[in-house]
Structure formats: C-alpha cells, structure tokens
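# Analysis of the macromolecular model
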Amino acid sequence: NVMPNSGNPYQQKIDMRGYGIEDGYQNIVVTLNGRRLNNIDMQPQLLSSIPVASIERIEIIKGSGSVAQGDGAMAGVINIVTRDMHGVDLSIAGGSHSYGQGSIAAGIKQDLFAIQVLADKSQTDGQRKKDVNGKKADSDSENLSADLKIFPVEGLELRLGKDRTRIDTRYGSPITKREFNKKPSQPGLAFPGGPLKSYTMLELKTDTNRLGASYQLNEMLSFNLDHAVEKKESEFAGPGSQPSKYDYRSTDFSSQLNLDQLTLVAGVQLFDGERKAFGDKTTKDNKAVYLQGQYSLGNTLFSAGVRREKVEYDYKAIGTRLKDDHKLNAWDLGINHQYNEQLSVFANISYGFQAPDIDRFFAFLPPSYNPVFNGFMKPAKNKTLNIGLNHVTESNQLKVTTFYSRL
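Calculation notes
Residues numbered from 1 in each chain as written. Predicted model: local features only at pLDDT ≥ 70, side-chain atom pairs only at ≥ 80, totals over all residues. Heavy atoms only, no water. Pairing = 2+ DSSP bridges. Helix = DSSP H or I, 4+ residues; strand = E, 2+ residues; numbered from the N terminus. Patch = residues over 30% accessible without salt bridge, like charges linked within 9 Å, V, L, I, M, F, W, Y side chains within 5 Å. Areas by Shrake-Rupley, 256 points an atom, 1.4 Å probe, with all protein chains shown as cover. Salt bridge = Lys/Arg side-chain N within 4 Å of Asp/Glu carboxyl O. Phe/Tyr/Trp six-rings, centres within 6.5 Å; stacked < 30°, edge-to-face > 60°. Buried < 20%, exposed > 50% of the residue type's maximum accessible area, 1.4 Å probe, protein only. Lys NZ or Arg CZ within 6 Å of the ring centre and 35° of its normal. Lys, Arg positive; Asp, Glu negative; His and termini not counted. Charge placed at Lys NZ, Arg CZ, Asp CG, Glu CD. 1 Å grid on protein atoms, 1.4 Å probe; cavity = no way out; pocket = protein on both sides within 12 Å on 5 of 7 lines; lining within 4 Å. Points joined across faces, edges and corners; volume = space filled by probe spheres on them. Nonpolar A, V, L, I, M, F, W, Y, C, P; charged D, E, K, R; others polar.

### As for the sheet that holds strand E6 (residues 76-82)
- Taken in spatial order, the 4 strands make up an open sheet running E4-E3-E6-E5, and their pairing is mixed. Strand pairing shows two members of the sheet lacking a second neighbour, strand E4 (35-36) and strand E5 (55-62), which therefore form its edges.
- Where E5 lies against E6, 7 bridges are found, and the strand directions are antiparallel. What sits directly across from Glu59, in E6, is Asn79.

Take a look at the structure:
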C-alpha cells in the first residue's frame, strides 16, 4: 500500500505485511542500486527523487532481507534497479491544471567506458483551489542523474555518479468527509480545528555523490565496493521555520564465492547519519557484518545467513550531550523445492530488528513545538515465518504465501 505523506504527493508512505500506513515505511528497507534510501528520522524514503524513466526493475521481498539489509528490514525489502542507457529517450507530456512533464535520458557505451545522463522535470498548479493567501497547491520537481563507468582491464569496473533533486510543493491540509463531499478541491484547515485554510509549503533538496568498483577475479571470486555521500535539506515555509540539514555517508563492501553447489556472500556495511535542526545535532551510526549462503542439492535449495550490527546514537545540544548504543543480531533460514517446471514450494524463518529513528527520542510540545529530549528507546525485534508455493505457466503466475510474524 502506498499513500502520500500527510498529503504530500512527493513523499510516499509504504505499508507492507500489515505494519500500517502511518509508520510502516520504517519497517521496510528501500534501496536504489544497493544504496539505502531510509532516513534516520521520521521522513519517508524519497521515492520521487528517482526518475521513472531510469528504472529497469523493482524487486519486492516480503518478510525477509534482514541479513542483507539489517536495520528496518522487518516487513521486507524493496530493491529498485536502474538501467544502463544506450541512445536517447525523450518524453514530453502536458495536461490540465497547468501540468507539464519532460524527461530526457541519453547514454553511450564503448569498450573502455560508458556514460549516461538522465534529467526530468514536472510542474502543476494542483487540483485544489486557492487558499486564504491566494496560493494554489502548486508543485515543481527536478531530478538529475549522471553516471560514468570505466572498464580499464578485463573484470574491473570503476563507477562515478551524481544525483540531484529539488522539490518545491504546496499541499492541502486535511478536510472532513462532509467537506470533501461538498467540495473536494477546498484547501482544508491549516491545523485540525483551526480557522485558517492555507496550504503547507515544503522545500526539499538532495545532492548525492557516488563512487564504486567491482572486480571479477575469476569464475569463482568477485568483489564489490560502493561509497556514497548524501547531503539533504528539508524546510517548511512559515514564521520561525528552520531547515533540517542531513549528512549521510555510507560504505558497502561485499565479496562473493561461487562453487559448484555452494554460493557464499560476505559483507561489511557502514553508515553515518547526522541531522542538524533547532540548534541541536543528532547522529545515528550503523556498523554491520554479515554472511549468507545458498546450497543446491538436486531440486532443493537451502539458504542461511547471519548478521551482527551495532547502532550508536549521539545527541548534542547547548549544555547537553547524551549517548546510547545497541548490539543487534539478524538471521535467516530457508528452503525451496522445485517439484517440476511449473510448481515449487518454499519456507523460511527470519529474525529482524528496527533501531528507533531519532525523532522517537523527542517530544514536540506546544506552543513552540520545538523538540525536547524525551529519552532513548529500545529497538523493535521480530521473528517471521513464511510458507508458500509458486505455480508458473506460459500465460500466468500464481503465488500463495501464509506468514506469521511475532513482533
């Protein structure tokens, strides 16, 4: 299930496996080419920063993924993979309410290098009427992505990339069912029960620099390394508003060993997250190691994995500094048996966790609603059992799964 975040169409909340549309997105890890899009606070993953034209496939893994992704992967994992462009694609669209959209993707691939650039822009005046300030629910979104790959020797790939997103949006406040039935295009209340009918205005900025390398040593052994630095800024327009500034730094290293019947993957993941807002600085840092493997025995595939992760918090304000940390484990056991070309059955049991986002440590008290430190919290943990079957023919696919999750 996907819905706008408090009416904001550019920030989507996701619910999977019944964790709820309000905060369920924090129980799902969303990755873009392996890089996590989850935030350290209550901001949802910014899916609108991904140009639709760049997407090759989306993998949805329900009730599993805690070994590979760790913190937050209790309901599952969504992996978004972009495609390599060759040639030029151009798209232009227009519609009512001053809607306009355009995107261009261009790429070239040679023996020694590949380069591609993708940009898109959209804008609209929105479908709701002007508010008391004479403003419409207008929005403007820009995305830019550039990638360079170099192949200096056989088996070696070097990567360099940059992403940029700018979103300015006004979106409506809640309205009652009676107001909606009478006039769904009205702005809504600035605050529930309040007298003013005005829109919320939000500015989002993100800049990400990426570099990485992959090396296929031989048919059995390969290595992969990716590093990213993401700087973000989020600000609500209004008197006394202050921007929240984020600094994320992530490093993923993995190696894969392929034998006749056995595949092993070992990895190290590091993440340093920092937010500065309202005169304080709060950090959430993750350090993890994991090992997972698959063993094939005839028509049966066995899988197992284990992860160890340390999460550290640091809160600094004027005259105050507080620290906390957690050492957490995740594991997964699975089996898949192929009866014939059409029918297979599977089962797996996994143990996952979610370390709290940093907003959980604050209370937002009136009249200023500035954050007041409210104490650290313990992580959530869950154990999930999946049992199901897949039936695939040339014309259709049927998947049936029953699951139980203890949270």
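### Let's talk about a nonpolar patch on the surface
- A grouping of Tyr215, Leu217, Phe223, Leu225, Phe253, Val268, Leu270 and Val289 is seen on the molecular surface, where their side chains present a nonpolar patch of about 620 Å² in accessible area.
- Mapped onto the nonpolar patch, the elements with two or more residues apiece are strand E13 (221-236) and strand E15 (262-277).
- Looking at the element boundaries, Leu225 is found in strand E13.

### Observations concerning the pairing of strand E10 (residues 139-150)
- Across 12 bridges, strand E9 (residues 113-124) lies against E10 in antiparallel orientation. From the neighbouring strand, Asp120 faces E10, where its bridge partner is Asn143.
- The pairing of E10 with strand E11 (residues 156-171) spans 12 bridges and is antiparallel. Residue pairing across strands places Ser141 opposite Ile167, the latter belonging to E11.
- Counting the residues that bridge the hairpin from E10 to E11 gives 5 residues, and of these Gly155 lies at a positive phi of roughly 90°.

### Topic: the packing of aromatic side chains
- For the structure shown, the criterion picks out 7 aromatic pairs.
- Plain terms: the ring middles of Tyr246 and Tyr248 are 6.0 Å apart, the flat faces sit at 75° to each other, and that makes the pair edge-to-face. The same class applies to Tyr246 and to Tyr248, which are both buried.
- Consider the rings of Tyr313 and Phe376, whose centres lie 6.3 Å apart with planes at 40°: the pair is tilted. Remark: Phe376 occurs in the loop between strand E21 (371-373) and strand E22 (380-392) and Tyr313 occurs in strand E17 (residues 300-317); sequence separation between them is 63 residues.
- Relative accessible area serves as the criterion here: at 27%, Phe376 is assigned to the partly exposed category.
- Three or more aromatic residues joined by ring pairs form one cluster here, namely Tyr246, Tyr248 and Phe271.
- Residue placement shows Arg17 over the ring face of Phe403; its charged tip is 3.8 Å from the ring centre.
- Note that Lys232 overlies the ring of Tyr246, its terminal NZ or CZ placed 5.4 Å from the centroid.

### Side note on the pattern of salt bridges
- Enumeration according to the criterion identifies 28 salt bridges in this entry.
- Between Arg164 and Glu142 there is a salt bridge, with the nearest N and O atoms lying 4.0 Å from each other. Of this pair, Arg164 sits in strand E11 while Glu142 sits in strand E10, placing them 22 residues apart in sequence.
- Since its relative accessible area comes to 31%, Arg164 is described here as partly exposed.
- For Glu142, a relative accessible area of 30% gives the class partly exposed.
- In this structure, Glu274 engages Lys281 in a salt bridge whose closest nitrogen and oxygen atoms are separated by 3.9 Å.
- Here the residues in one salt-bridge network are Arg35, Asp147, Asp163, Arg210 and Glu230, joined through shared partners.

### What about a positive patch on the surface?
- On the surface, Lys129, Lys130, Lys136, Lys182 and Lys183 cluster together into a patch of positive charge.
- By the secondary structure assignment, Lys182 is in helix H2 (residues 177-182).

### A short note on unusual backbone geometry
- One non-glycine residue, Ser6, adopts positive backbone phi at about 55°.
- A relative accessible area of 59% places Ser6 in the exposed class.
- The phi torsion at Ser98 lies on the positive side, around 55°, for a residue other than glycine.
- Mapping Ser98 onto the fold places it in the loop between strand E7 (87-95) and strand E8 (99-109).
- The exposure class assigned to Ser98 is partly exposed, which follows from its relative accessible area of 44%.

### Things to note about empty space enclosed by the protein
- According to the stated counting rule, one finds 2 cavities of 30 Å³ or more in the structure shown.
- Estimated volume of the largest cavity: approximately 450 Å³.
- Taken together, 35 residues make up the lining of the largest cavity; nearest its centre are Arg36, Asn38, Asn39, Asp71 and Phe271.
- Elements with a contribution of two residues or more to the lining of the largest cavity: E4, E13, strand E14 (244-258), E15, strand E16 (280-297) and E17.
- Classifying every residue of the lining of the largest cavity gives 11 nonpolar, 12 polar and 12 charged.
- Computed from the structure, the second largest cavity encloses a volume of approximately 30 Å³.
- What lines the second largest cavity is simply Arg17, Tyr19, Gly63, Met74, Ala75, Asn382, Thr384, Phe403 and Ser405.

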